[in-house]
Each structure stands twice: as C-alpha cells, then as structure tokens.
Amino acid sequence: MCQSCIDQARRQFMLRSAAGIAAGALVLSGLDRPARAASVPPTSLTPDEALAKLKEGNERFVKSPELCALDLTKRREEVAKGQAPWATVLACADSRVPPELIFGGLNLGELFVCRNAGNTADTDVLGTIEYGSEHLGSPLIVVIGHSNCGAVKAACEVAKTGAALPGHIGLMVDAILPAAKAEMGKEGDFVANVVRENARRTAAKIGEQSKIVSHLVHQKKVRIAYAVYDLDSGKVEFIG
Ligand SMILES: [Zn+2]
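The structure contained in this document is the topic of the report that follows.

As for the packing of helix α5 (residues 123-135) against helix α10 (residues 211-218)
Helix packing for two helices is described by the angle between their axes and how far apart those axes are. Their axes nearest at 9 Å, the elements α5 and α10 cross at an angle of 35°. In the crossing of α5 with α10, the sense of the turn from one axis to the other is left-handed. The residues of α10 that touch α5, namely those facing Ile129, Glu130, Ser133 and Glu134, are Ile212, Val213 and Leu216. Grouping the amino acids of the contact of α5 with α10 by side-chain chemistry returns four nonpolar, one polar and two charged.

Structure representation (structure tokens):
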C-alpha cells in the first residue's frame, strides 16, 4: 500500500468514525427524548390501586357507558409535556377490545398499551413493557385476552389439524400454540380455555423472561395480572 492509499484509508476511517459518533449521538438523543418526556412524576398509585381503578373503569363501561366522556383537547395539552401512565395493558389487536374504552373511557396518557393479535409477548412487547414499568413508572401490567379471539381460534385449528397458515400469520400463531396444545381435550370450550391459558402463560412469560420486570415485582413496585374480556357482556374478568 503506497502512502497515498494509506492516507486515503486513514481519511475514510476518520470519516466513518465521525459518522459513527454522529449516529451514536443521534441514537442517544433518541433515547434521551423519552427520558425528557417522562419528566413528569410517575403515578403515585400502588399496583393494587391501579388494579382497582381498572376494575372500577370496566364496571363504568358495562353499567354506564354514557359516562365515558372525555375532554380530549384539554387533556392533550396536559400530557404533551410528558406521560406517567398508571397501568400497562397487553391486549389483542382485535378492533372490539380497545383498552382505553373497555376500562371506562380512559384518557390520553393513562394507559401504556401494547397490542397484537393474540396478546403474546415477543421481544418487542417485552421491551415495551419494560420501558413502561421501569422508565415510565407504570405499577401494573395486565395481559388481557378476549372471548372468541380469532388468533386463538387459529391456534386451536393448527393444534387440531396441523394446518399451515400463510405468511407471517403462522409464525404469529406459533406463540399461542403451546397453550392450545396444553388445553386440547380438556373439559369445556376449547377456544375459551385457550384464551385463558394463553393470557396466563403470557403474563408468566413477562415475569420469567424480563429481569427488569421481575426485579420490580420482587420489590413490590409492579404487579402482573391477567384477565379475559367478554365481547358480549363487556365485562373483564381478572383471573390472576
Ligand atoms: Zn383476539
């Protein structure tokens, strides 16, 4: 390598290093942004108080849905500077199960929500939940399944027949399959049993696979619960 090649290689290395530092700074500033967004104090609710509040909200939703009226404009201004959600909810993506509504018409900034078909906990969901608990101070994590869940039905079908599902749907349903296999042949409605078991397993997985969450649970700063929402009655049954 001649001197000019060495000089050129050095210049390229310097450029790449500078770009790397700039990219790192961008990443850090990206991470820093939510930190500033969380500059409002976290909720003062305990895990049990947060759970009671969700139960109250669901009663309101079932008995008096007309009371679920929000002043969104005022609230938007209040929470624009930061968020301090008092519960984290992992729910199905099903359009009939929006957590803010089924828990009584909750406003912007109240719930930290993850949703996917079948309310399962992959890496993205675990990271999101950790962020909600550790960084935003949300004291409660609720995994909520629902009756007649399409993703669970698909998993039941795969468990029974070994059917292959197209595209990424099959991979998504794989996460529910262990619950479906465990419930196969048991008494009662297969799909309903798997909805419940899948929510239970997902809640357990969060506690087992997230060191951050399990540490907070151990410190009694966070509680993990699971529940099932009934599409017909609108009721949320908290199971564990
Ligand atoms: Zn569903």
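Thoughts on the pairing of strand β3 (residues 140-146)
Of all seven residues that make up β3, seven are buried, and the element is covered over most of its length. Here β3 pairs with strand β4 (residues 223-229) via seven bridges, running parallel. Directly across from Ile141, in β4, lies its bridge partner Ile224.

Regarding the sheet that holds β4
Strand order in the open sheet formed by five strands is β2-β1-β3-β4-β5, with mixed pairing between adjacent strands. Both outer strands of the open sheet, β2 (111-116) and β5 (236-238), are each paired with one neighbouring strand and no more. Looking at each pair of strands side by side, their axes are set apart by 25° on average, direction ignored. Bridge analysis of strand β1 (residues 87-92) against β3 gives four bridges, and the strand direction is parallel. When the bridges of β3 are listed, Val89 appears paired with Val142.

A few points about the nonpolar core
As a rule of thumb, nonpolar side chains are buried together in soluble globular proteins. Core analysis: the biggest nonpolar cluster contains 52 residues, and Val142, Ile144, Ala155 and Ala227 have the highest contact counts within it. If we ignore the near neighbours within four places in the chain, the residues touching Ile144 are Val89, Ala91, Asn119, Ala199, Ala227, Tyr229 and Val236.

Here we look at the environment of Asp71
Mapped onto the secondary structure, Asp71 falls in the loop between α2 (47-63) and α3 (72-79). Residue Asp71 is classed as exposed on the basis of its C-beta count, with 9 C-beta atoms lying within 10 Å. For the pair Asp71 and Asn107, spaced 36 residues apart in sequence, the C-alpha to C-alpha distance is 8.1 Å.

Scoring rules and cut-offs
Residues numbered from 1 in each chain as written. Predicted model: local features only at pLDDT ≥ 70, side-chain atom pairs only at ≥ 80, totals over all residues. Axes fitted to C-alpha atoms, helices over the stretch in contact; angles between N-to-C directions. Helix = DSSP H or I, 4+ residues; strand = E, 2+ residues; numbered from the N terminus. Left-handed = near helix turned anticlockwise from the far one by under 90°. Contact = placed C-beta atoms within 7 Å. Nonpolar A, V, L, I, M, F, W, Y, C, P; charged D, E, K, R; others polar. Buried ≥ 20, exposed ≤ 12 C-beta atoms within 10 Å, placed from the backbone. Pairing = 2+ DSSP bridges. Core = buried A, V, L, I, M, F, W, Y, C linked by C-beta atoms within 7 Å.

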